[in-house]
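A closer look at the structure
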There are 2 protein chains.
Amino acid sequence: MRRAIEGVVLGVVLACAWAQACAADALPSWRDGPSRQAIVAFVQKVTTEGGADFVAPPDRIATFDMDGTLWAEQPDYGQAMFMLDRIRALAPQHPDWATTEPYKSAIAGDAKGLAAAGEAGLAKLLIETHTGMTTEDFDRTVSEWISTARNPKTGKRYVDMTYQPMIELMDYLRANGFRTYIVSGSGQEFMRPWAQATFGVPPEQVIGSLGELKYELRGDTPVLVKGPKLVHIDDGPGKPASIAYFIGKRPIFAFGNSDGDLQMLQWTAAGDGPRFAGLVHHTDGKREFAYDRASHIGKLDKALDEATRRQWTVVDMAKEWNTIYPPAK
Amino acid sequence: MRRAIEGVVLGVVLACAWAQACAADALPSWRDGPSRQAIVAFVQKVTTEGGADFVAPPDRIATFDMDGTLWAEQPDYGQAMFMLDRIRALAPQHPDWATTEPYKSAIAGDAKGLAAAGEAGLAKLLIETHTGMTTEDFDRTVSEWISTARNPKTGKRYVDMTYQPMIELMDYLRANGFRTYIVSGSGQEFMRPWAQATFGVPPEQVIGSLGELKYELRGDTPVLVKGPKLVHIDDGPGKPASIAYFIGKRPIFAFGNSDGDLQMLQWTAAGDGPRFAGLVHHTDGKREFAYDRASHIGKLDKALDEATRRQWTVVDMAKEWNTIYPPAK
């Protein structure tokens, strides 16, 4: 008898992961709004064996943009903030930077000066901070930075400005047999050292822009040295290409937050069978940042129109998320 | 009592997969020679929990070259044979090809004429057969070709000229918690349509050379069109770079057969902890093809010297494999 009761209890617990009624447990930071309902309905549909919309586990692929979708992207993308911090860290070895652009503006955090330096200035800063070292040295530098660096606007560590509802969403999808990928314009080597601990996404599921890696033998020891050539830019129309390169299958579920994600969402939504396309809409100026069509970073304009036209899910952060950032550890 | 007996039987069956004594069951096409012994000893070492050389499953990564390592590469690489077959299939739509190089030599299978056409001639043939179509159309063309095309030297289908011992080896590694990757100079879109059925390797674990993929909207339907630009060549020093791009971890086990695999083997062997580097040596002119240092295709020269110097495993196909190709279906 006791065994039978345990069996029933266990059955309820197991079933709970799959049922609408238990979504509150799986997605506690999501209020019971249209976005959570759409997510849960989709997951139920594709995981119901024998159902018309059942999708076998190997095809349950979900892709997520990173900046502005999984963590905050204000005042600038994480990798840009890393770049500026690195310039400051390297400045003592380059006394001439104090009076030379674009380094001077980078050290001062002078956005106008950096804008004036343009693409050529940015390229100089990227080459200085992202090339010439081995992948292992870069990995170490990124790991040190991410463990201590703080957002100048909030004073929080960047890893404490991830979005708790999105972390729960990725967990929920994985618990339902999905593989979750990050598909970001950031460099892969910038994301991989901390993506597993932060988002639960292992290195081979972190897809980003690709820079040249030059193989060298140093004595008997092979190294990969980061070179200046960009091999592939994983943004906008480059995202479906990256998905083809890295996954070789079309996702059935994708989430972004800006026009740079439009093509990934189109590509995902245009496949056969059940599809989910979602946008995080930054509506919460109090708890996070409010921006969309007019923003320099994370501009959401065309993709918002397309989402309306196609009835994609648009998450109103202010209304639908009862928590933004993870609880302090 | 009966349950207890079943438990013991089950225990033996399960244990068998891990034990040297049972290697003959897992690798029946391998004779009990130095290569099989080295493989089994390595797998036992890295899977023994609590052992000094234990490797956690997420880090059990094995990479395999394809042409000449997993299937035959004579008289030319599979993708080159596909290219020539495609030129012949398209020729009726291009009457001028009958008298124009490099098409004329391609149609005739004239190796000298093709050699004379050089890199520029090859580029023309590649552009004609590999670009301008959507990824979906190319997938269909490759799938049709692989199901019917035959090797002109043996009359066998290419998929029947895979190496049975290597297929068993990949199965054996997967049964021991490894992820098995293909890392080949061939194009990804050429390999992925059939790699899972043939080698048990899913699309996202098939790594190859990358060509440009252009995103286009045709009406409301997005497509990816194969363009002429090469994005990354996954051969020689490009293999460790591909491994970094796609896996983001260093393999602990790698197998190749030619100088194009040297850097992948060096990169694998140079990591910390237990490492396995292996070469398939084409010594069997009777059952397959015998070639190494002087061969135009699959030249094995520098890598053979390095294997000797570093005591990598070199498989003598004639002596160590009791079967080459899979049994006829």
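Computed from a prediction, not measured in an experiment: that's the story for all the values here. (Residues numbered from 1 in each chain as written. Chains lettered and ligands numbered in written order. Predicted model: local features only at pLDDT ≥ 70, side-chain atom pairs only at ≥ 80, totals over all residues. Heavy atoms only, no water.)

A short note on the overall build of chain A
When you go through chain A residue by residue, the secondary structure sums to 13 helices and 7 strands. Relative to its length of 329 residues, chain A is compact, with a C-alpha radius of gyration of 21 Å against a globular reference of 20 Å. Here chain A holds 329 residues, and the buried ones make up 54% of them. Summarising the internal contacts of chain A: among those between residues at least 6 apart in sequence, 65% fall at separations of at least 24. (Helix = DSSP H or I, 4+ residues; strand = E, 2+ residues; numbered from the N terminus. Rg over C-alpha atoms; globule rule 2.2 N^0.38 Å. Buried < 20%, exposed > 50% of the residue type's maximum accessible area, 1.4 Å probe, protein only. Contact = heavy atoms within 4.5 Å.)

Looking at the packing of helix 7 (residues 135-148) of chain A against helix 9 (residues 188-199) of chain A
Residue and element names in this part refer to chain A. One can describe the packing of helix 7 onto helix 9 by two numbers: an axis separation of 9 Å at closest approach and a directional angle of 60°. The angle between helix 7 and helix 9 falls in the class oblique. Regarding helix 7 and helix 9, the two cross each other, and that crossing is right-handed. On the side of helix 7, the interface is formed by F138, D139, V142, S143, W145 and I146, while helix 9 contributes E189, F190, P193 and W194. Of the residues belonging to the contact of helix 7 with helix 9, the class tally is 7 nonpolar, 1 polar and 2 charged. (Axes fitted to C-alpha atoms, helices over the stretch in contact; angles between N-to-C directions. Parallel < 35°, antiparallel > 145°, perpendicular 65-115°, else oblique. Left-handed = near helix turned anticlockwise from the far one by under 90°. Nonpolar A, V, L, I, M, F, W, Y, C, P; charged D, E, K, R; others polar.)

A short note on the interface of chain A and chain B
Taken together, the contacts link 35 residues of chain A with 35 residues of chain B. Summing both partners gives a buried area of about 2,900 Å² for chain A against chain B, and 58% of it is carried by carbon and sulfur. In terms of surface lost to chain B, no three residues of chain A exceed A:E204, A:Y215 and A:Y245, which account for 23% of the buried area on that side. At the junction of chain A with chain B, the criterion picks out 8 salt bridges. Elements with a contribution of two residues or more to the side of chain A that touches chain B: strand 2 (179-187), helix 9, strand 3 (206-218), strand 4 (221-232), helix 10 (238-246), helix 11 (262-269) and helix 12 (302-310) of chain A. The leading source of residues in the side of chain A that touches chain B is strand 3 of chain A, at 6 residues. For the side of chain A that touches chain B, the class distribution of residues is 19 nonpolar, 6 polar and 10 charged. (Buried area = accessible area lost by both parts, 1.4 Å probe. Salt bridge = Lys/Arg side-chain N within 4 Å of Asp/Glu carboxyl O.)

Observations concerning the side chain of B:T47
Counting through the fold element by element, B:T47 comes out in helix 3 (residues 34-47). Here B:V43 takes part through its backbone oxygen, which lies 2.6 Å from a polar atom of the side chain of B:T47. (Polar contact = N/O pair within 3.5 Å; in protein donor to acceptor, adjacent residues only side chain to side chain.)

Some words on the sheet that holds strand 4 of chain A
Residues and elements named next belong to chain A. The 7 strands are arranged 4-3-2-1-5-6-7 in an open sheet whose pairing can be described as mixed. Looking at the sheet topology across the chains shown, the edges are occupied by strand 4 and strand 7 (313-316). Shown here is a sheet whose adjacent strand axes are inclined to one another by a mean of 30°, direction ignored. Inspection of the sheet shows strand 1 (residues 61-64) paired to strand 5 (residues 253-256) by 3 bridges, in the parallel sense. Each residue of the ladder has a partner; that of A62, found in strand 5, is F253. In this fold helix 3 (residues 34-47) packs onto strand 5, strand 6 (276-281) and strand 7, with an angle of close to 140° to the strand it touches most, strand 7. (Pairing = 2+ DSSP bridges.)

Comments concerning the pattern of salt bridges
As enumerated under the stated definition, the model contains 40 salt bridges over all chains in all. Note that A:D85 is salt-bridged to A:R88, the shortest N-O span being 2.9 Å. Note that A:D85 and A:R88 are positioned in helix 4 (residues 78-90) at a spacing of 3 residues, about one turn of the helix. Taking the relative accessible area as the measure of exposure, A:D85 reaches 24% and is therefore partly exposed. Of the residues examined, A:R88 reaches a relative accessible area of 33% and is grouped as partly exposed. Across the pair A:R309 and B:D220 runs a salt bridge whose closest N-O atoms are separated by 3.8 Å. Here the residue A:R309 occupies a position in helix 12, and B:D220 occupies one in the loop between strand 3 (206-218) and strand 4 (221-232), the pair thus bridging two chains. A relative accessible area of 53% means that A:R309 is categorised as exposed. For B:D220, a relative accessible area of 47% puts it in the partly exposed group. Each of A:D220, B:E306, B:R309 and B:R310 takes part in one network of salt bridges that share partners.

Description of the sheet that holds strand 7 (residues 313-316) of chain B
All names here are of chain B. Strand order in the open sheet formed by 7 strands is 4-3-2-1-5-6-7, and the pairing between neighbours is mixed. Each edge of the open sheet is held by one strand with a lone partner, namely strand 4 and strand 7. Across the sheet, the mean angle from the axis of one strand to that of its neighbour is 30°, orientation sign disregarded. Across 3 bridges, the pairing between strand 2 (residues 179-187) and strand 3 is parallel.

Comments concerning the environment of A:T154
Residues and elements named next belong to chain A. Residue position: T154 is located in the loop between helix 7 and helix 8 (164-175). Overall, the relative accessible area of 33% leaves T154 in the partly exposed class. Taking C-alpha positions, T154 is 27 Å from A117, a pair spaced 37 residues apart along the chain. Once residues within four sequence positions are removed from consideration, T154 is found in contact with M161 and F289. Within the structure, T154 has its side chain in polar contact with the backbone nitrogen of K156 (distance 3.1 Å).

Brief notes about the packing of aromatic side chains
All names here are of chain A. Applying the stated criterion across every chain yields a total of 41 aromatic pairs over all chains. Aromatic side chains F64 and F253 sit 6.1 Å apart centroid to centroid with 45° between the ring planes, which places their arrangement in the tilted category. With F64 in strand 1 and F253 in strand 5, this pair connects stretches of sequence that are 189 residues apart. Assessed through its relative accessible area of 0%, F253 is described here as buried. With a centroid separation of 4.5 Å and an interplanar angle of 5°, the aromatic rings of W97 and Y103 are classed as stacked. Accessibility assignment for this pair places W97 and Y103 in one class, buried. Among the aromatic residues, ring-to-ring pairing joins W71, F82, F138, W145, Y158, F190, W194 and F199 into one connected group. (Phe/Tyr/Trp six-rings, centres within 6.5 Å; stacked < 30°, edge-to-face > 60°.)

Considering the relation of the copies chain A and chain B
Expressed as a screw operation, the relation of chain A to chain B combines 0.0 Å of axial shift with a rotation of 180°, fitting to an RMSD of 0.0 Å. Given the turn and translation reported, the copies of this chain are related as if by a two-fold rotation axis. Taking the C-alpha atom as reference, chain A places A:V231 closest to the rotation axis, 3.1 Å from it. When the interface residues of chain A are mapped onto chain B, 100% of them are again interface residues, pointing to one common binding face. (Least-squares fit on C-alpha atoms with pLDDT ≥ 70 in both.)

Points about the domain arrangement of chain A
All names here are of chain A. Annotation of chain A at the domain level lists domain 1 (14-75 + 162-320) and domain 2 (78-148). Computed over C-alpha atoms, the centres of domain 1 and domain 2 are 28 Å apart. The interface of domain 1 with domain 2 comprises 17 residues on the first partner and 17 residues on the second. Counting the surface lost from both domain 1 and domain 2, the interface buries some 1,300 Å², and carbon and sulfur atoms represent 73% of this. (Domains from an automatic or database assignment.)

Concerning the nonpolar core
One broad rule of soluble globular proteins: the nonpolar side chains tend to lie buried together. If you look at the biggest cluster of nonpolar residues, it comprises 54 residues, and the most contacted ones within it are A:Y245, A:F246, A:I247, B:Y245, B:F246 and B:I247. Sequence-distant contacts of A:I247, defined by excluding residues within four places in its chain, comprise A:I61, A:T63, A:Y181, A:I207, A:S242, B:R192, B:P203 and B:E204. (Core = buried A, V, L, I, M, F, W, Y, C linked by side-chain atoms within 4.5 Å.)

Notes on the environment of A:G256
Residue and element names in this part refer to chain A. You can see G256 is positioned in strand 5. On the basis of relative accessible area, G256 is assigned to the buried category, the value being 0%. Along the sequence, G256 and T313 sit 57 residues apart, while their C-alpha atoms lie 11 Å from each other. When near neighbours in sequence (up to four residues on either side) are disregarded, G256 contacts D65, T69, D261, L265, G278, L279 and V280.

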